[in-house]
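# Summary of the model geometry
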Amino acid sequence: FFFPLAYSRRLLLPARPEALMAAQPEWSVMLGGQYEPYDAPTASAIEEAFQRGDEEVQATIDGKLYVIVLKPPMKQQLSSDPTRQRAIQRQPAPANEAAASATAVASPSTEAPAPASAAVAEAPAPAASTEAPAPKRQRESPPPFAVLIFAPGAGGQTAKAMRALQDSALEREGVAVFRCDDHPPGPNEARWIKSSAGCAKNVAHVLAVARRAAAAHPTLPLLLGGASFGNRVVCEVLRSHRAELPSRACNALLLCGFPLNPPDKAEGADQKRPAHLLALPAGVRVRLLQGGKDEFNGPRGILALNELVAQMAATAEVVEVPGGQHTLPAAKGLKQLNWTQAQLNTFVVDA
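All figures in this text were calculated on a predicted structure; none of them were measured in a lab.

## Brief notes about the pairing of strand β5 (residues 75-78)
The alternating pattern of β5 places Lys 75 and Gln 77 on one face and Gln 76 and Leu 78 on the opposite face, and all of these are buried. Counting the residues that bridge the hairpin from strand β4 (residues 64-69) to β5 gives five residues. Pairing geometry for β5 and strand β6 (residues 81-91), over four bridges, is antiparallel. Opposite Lys 75, over in β6, you have Ala 87 as the bridge partner. What sits between β5 and β6 in their antiparallel hairpin is a turn of two residues.

## Some thoughts on the nonpolar core
The biggest cluster of nonpolar side chains holds 43 residues, and the ones touching the most others in it are Leu 224, Leu 253, Leu 255, Leu 277, Val 286 and Leu 288. Secondary-structure elements contributing two or more residues to this core are β7 (146-151), β8 (175-179), α6 (200-216), β9 (222-227), α7 (229-240), β10 (249-256), β11 (285-291) and α9 (303-311). Core analysis: the next-biggest nonpolar cluster, separate from the first, contains 28 residues, Leu 170, Leu 289, Leu 334 and Val 349 among them.

## Observations regarding the packing of α6 against α7
Interaxial distance between α6 and α7 falls to 10 Å at its minimum, and their mutual angle equals 85°. Relative to α7, the element α6 lies roughly perpendicular. In this structure, α6 uses Asn 202, Val 203, Val 206 and Leu 207 to contact α7, whose residues at the interface are Phe 229, Val 233 and Val 237. Class assignment for the residues of the contact of α6 with α7 results in six nonpolar, one polar and no charged.

## A look at unusual backbone geometry
Cis geometry is found at the peptide bond from Arg 191 to Trp 192, where omega equals -10°. Relative to the assigned elements, Trp 192 resides in the loop between β8 and α6. For the bond from Leu 328 to Pro 329, the omega torsion is 10°, close enough to zero to count as cis. Topologically, Pro 329 is positioned in the loop between β12 (315-321) and α10 (341-350). A positive phi angle, close to 50°, is found at Ser 228, a residue other than glycine. Assignment of secondary structure puts Ser 228 in the loop between β9 and α7. You will see that Asp 264, though not glycine, has its phi angle at about 65°, which is positive. Within the fold, Asp 264 resides in the loop between β10 and α8 (272-278). Judged by relative accessible area, Asp 264 falls into the exposed class, the value being 83%.

## So, the sheet that holds β8
The six strands are arranged β8-β7-β9-β10-β11-β12 in an open sheet whose pairing can be described as parallel. Because the sheet does not close on itself, it has two edges, and the strands there are β8 and β12. When the angles between neighbouring strand axes are averaged without regard to direction, this sheet yields 20°. Looking at chain direction, β10 and β11 are connected through five bridges and run parallel. Bridging from a neighbouring strand, Cys 256 pairs with Leu 289 of β11.

## Some remarks on α7
In this model, α7 (twelve residues) spans 17 Å end to end at C-alpha, consistent with the 16 Å of a helix rising 1.5 Å per residue. Of all twelve residues in α7, ten are buried, a share of seventy percent or more. Taken together, the buried positions of α7 are occupied by Phe 229, Gly 230, Asn 231, Arg 232, Val 233, Val 234, Cys 235, Glu 236, Val 237 and Leu 238. Each element contacted by the buried residues of α7 is listed here: β7, α6, β9, β10 and α8.

Calculation criteria
- Residues numbered from 1 in each chain as written.
- Predicted model: local features only at pLDDT ≥ 70, side-chain atom pairs only at ≥ 80, totals over all residues.
- Heavy atoms only, no water.
- Buried < 20%, exposed > 50% of the residue type's maximum accessible area, 1.4 Å probe, protein only.
- Helix = DSSP H or I, 4+ residues; strand = E, 2+ residues; numbered from the N terminus.
- Pairing = 2+ DSSP bridges.
- Core = buried A, V, L, I, M, F, W, Y, C linked by side-chain atoms within 4.5 Å.
- Axes fitted to C-alpha atoms, helices over the stretch in contact; angles between N-to-C directions.
- Parallel < 35°, antiparallel > 145°, perpendicular 65-115°, else oblique.
- Contact = heavy atoms within 4.5 Å.
- Nonpolar A, V, L, I, M, F, W, Y, C, P; charged D, E, K, R; others polar.
- Expected span 1.5 Å × (residues − 1).

What follows is the structure in structure tokens.
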């Protein structure tokens with residue numbers, strides 16, 4: 001699954017009168033790690049389909065046709081590529097507000113309002129509260145609609161900043177994460193034998209974690225991803241061991257910080273690195289999330305990776321993270337770019 005980079009919340013669906021929309025439940029879509037409401041006409045049209053018992057409703061976003069799935073797990077997905085999805089949710093309208101709105105629409109009052117002075121005289125003074133203020137309600141994460149199986153870099157541990165991002169923002173996006181480093185290697189498994197990314201023990205470890213993810217979420221699609229050396233491992237898993245993956249594994253990869261060229265080495269010094277990407281067959285989709293200042297880009301920077309992608313048989317896309325370093329979401333020079341780390345984190349999650 002890939003999340004759209006360019007996104008608009010404005011859906012071209014039929015409008016309904018404002019008076020009827022007042023009592024509607026709130027429909028919202030996951031954007032940047034939190035739910036954002038659809039506009040009122042859109043929410044009303046979705047609710048109408050929901051009340052009819054429709055399983056889905058179509059909507060056009062920025063000229064692209066999307067399908068809003070109304071059966072659990074509810075989501076919004078691109079019609080031409082159902083793997084590009086976002087979670088949606090429905091929050092019932094507060095009963096008192098809905099009732100008041102319905103009454104106001106159906107039976108407008110014909111009585112004259114009471115004089116202001118009388119209202120003041122009759123209204124009792126509010127009692128002083130002795131209770132502690134209620135704690136703020138925490139935003140609940142939606143049920144997951146996809147699972148990311150994440151292979152860490154050569155050190156065998158996911159970077160702290162990436163781990164934090166996965167455990168917070170990705171979870172709020174409805175993506176469950178199974179990190180290889182959260183699962184000790186079993187017999188005949190390793191994390192990692194660095195001399196050969198695609199060796200049997202490395203592959204066995206990723207396959208074992210994928211099977212655990214599939215057992216925990218038997219109905220959800222699985223996506224292989226990784227960081228640095230882990231990217232090389234998952235490339236080999238998908239290329240040579242596709243049949244051994246669970247049946248719901250996507251024919252796709254999400255690669256964060258591909259280590260194309262060893263730092264301080266001449267371009268092409270290690271031909272095994274680009275070979276992992278060039279060997280991926282047609283039909284595989286790859287998204288490479290690459291820092292603009294990644295130390296492993298090589299002497300010519302991210303240009304070399306872009307040129308390599310153009311030679312791949314697989315369908316691949318490079319998303320450059322402004323100022324991003326090799327251990328995403330770490331970055332430098334953000335002040336000069338007028339970015340904050342929080343903005344960069346949101347960019348990485350949306351990508």
